[in-house]
Amino acid sequence: MDNKVSVIIPVYNTVAYLAACLESVCSIMTMDIEIICVNDGSTDKSLEILTTFAQKDSRIHIISQKHQGVSIARNVGITTATGKYIQFLDSDDMLAPGALEYAVQQMNEKQLDVFYFDAQAIFESIQLEEEKRRYKTYYHRENHYQNVQAGYQLFTKWIKDGGFRPNGNLQMIRRDFLLQSGVKFIPGIVQEDNAFTAEVMLHAQRVCHVNKPLYIRRVRSGSIMTKPPAFSNAYGYFRCAMAM
């Protein structure tokens, strides 16, 4: 368990993308990982895909529950994890080759609570790429924050220069630290990453960031990030603001 990574994947009706997601993780053979897939009441064939992969790769652990939302699915994954480090991954996204190996190296060499990195955006269609063009560069921070510092210091810099990205997947977290902090995802809302990422930063004593796209973020139609804003978005931001 010295460098074991728990990859937590909440799964809900992503049959078209799930295989690519799992392949990006299952291809990792150079380190100790466990792949915790929380099937959040999927009604498509997502569970069948999970089962097929689990039969071939013993590192995959499937937890099935009734549909309760991504926050509870991730919290269940945190409770189940046994690794030294935790990495969140959405079931329609992918990890870049060598991502976990590089992140673990940073965590170990710098004795970090949290390691932050960037992402590359890929688009489902040319039309969507045109409509959501801001995501081409949204997950890349221009400034550098490679020096180890307290989480609140980096948080303050990111708020000032616009570098704060709340996506909970763009960070590797030391599990013992996360459990001690008591930070969890707020159930029943969207925009849940905003509070989680900010709260984790404010608890962390040692963090840093490297401008490497270790995560592959899929921009697709029908996802929370591409749907028109609704009341649920405003309510999610409100709940996150209250938590912080």
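See the structure printed just above.
What you are looking at is a predicted structure, and each value in this text was computed from that prediction instead of being measured.

(A) Broad picture of helix α7 (residues 151-161). Among the residues of α7, those classed as buried are G151, L154, F155 and W158. Within α7, the buried residues cover an arc of 105 degrees as seen down the axis, which keeps them to one side. Along its buried surface, α7 packs onto β6 (114-123), β7 (145-149), α9 (192-203) and β9 (207-219). Of the residues one or two after α7, G162 is the one with positive phi, at around 80 degrees.

(B) Examining the pattern of salt bridges more closely. Counted under the stated rule, the structure contains 12 salt bridges. The partner of R217 in a salt bridge is D90, with the nearest N and O atoms 3.3 Å apart. Linking R217 in strand β9 with D90 in the loop between β4 (85-88) and β5 (94-95), this pair joins segments that are 127 residues apart in sequence. Here R217 falls in the buried class, since its relative accessible area comes to 12%. R217 is the salt-bridge partner of D93, the closest N and O atoms lying 2.9 Å from each other. Taken together, the positions of D93 in the loop between β4 and β5 and R217 in strand β9 put the pair 124 residues apart, joining distant regions of the chain. Each member of the salt-bridge network shares a partner with another, and the members are R74, D90, D93, E192, D193 and R217.

(C) The arrangement of unusual backbone geometry in detail. Residues other than glycine seldom take positive phi values, yet N13 does so here, at roughly 50 degrees. Assignment of secondary structure puts N13 in the loop between β1 (5-11) and α1 (18-26). Here Q111, not a glycine, exhibits a phi torsion of approximately 55 degrees, which is positive. Take Q111: its relative accessible area is 55%, and that puts it in the exposed class.

Rules of the game
All chains use their own residue numbering, which begins from 1 and follows the written sequence. Local features in this predicted model are restricted to residues of pLDDT 70 or higher, and side-chain atom pairs are both shown and tallied only at a pLDDT of 80 or more, whereas totals for entire chains, interfaces and linings draw on every residue. In computing side-chain properties, one takes all heavy atoms of the structure into account and sets aside hydrogens as well as water. To sort residues, take the accessible area from a 1.4 Å probe on protein chains only and compare it with the maximum for the residue type: under 20% means buried, over 50% means exposed, and anything in between is partly exposed. By definition, any uninterrupted DSSP run of H or I lasting at least four residues is a helix, any uninterrupted run of E lasting at least two residues is a strand, and each is numbered from the N terminus. It is the directions from the helix axis to the C-beta atoms that the arc portrays. Here a residue-residue contact requires only that any non-hydrogen atoms of the pair lie within 4.5 Å. The working definition used for a salt bridge is a side-chain nitrogen of Lys or Arg within 4 Å of a carboxyl oxygen of Asp or Glu.

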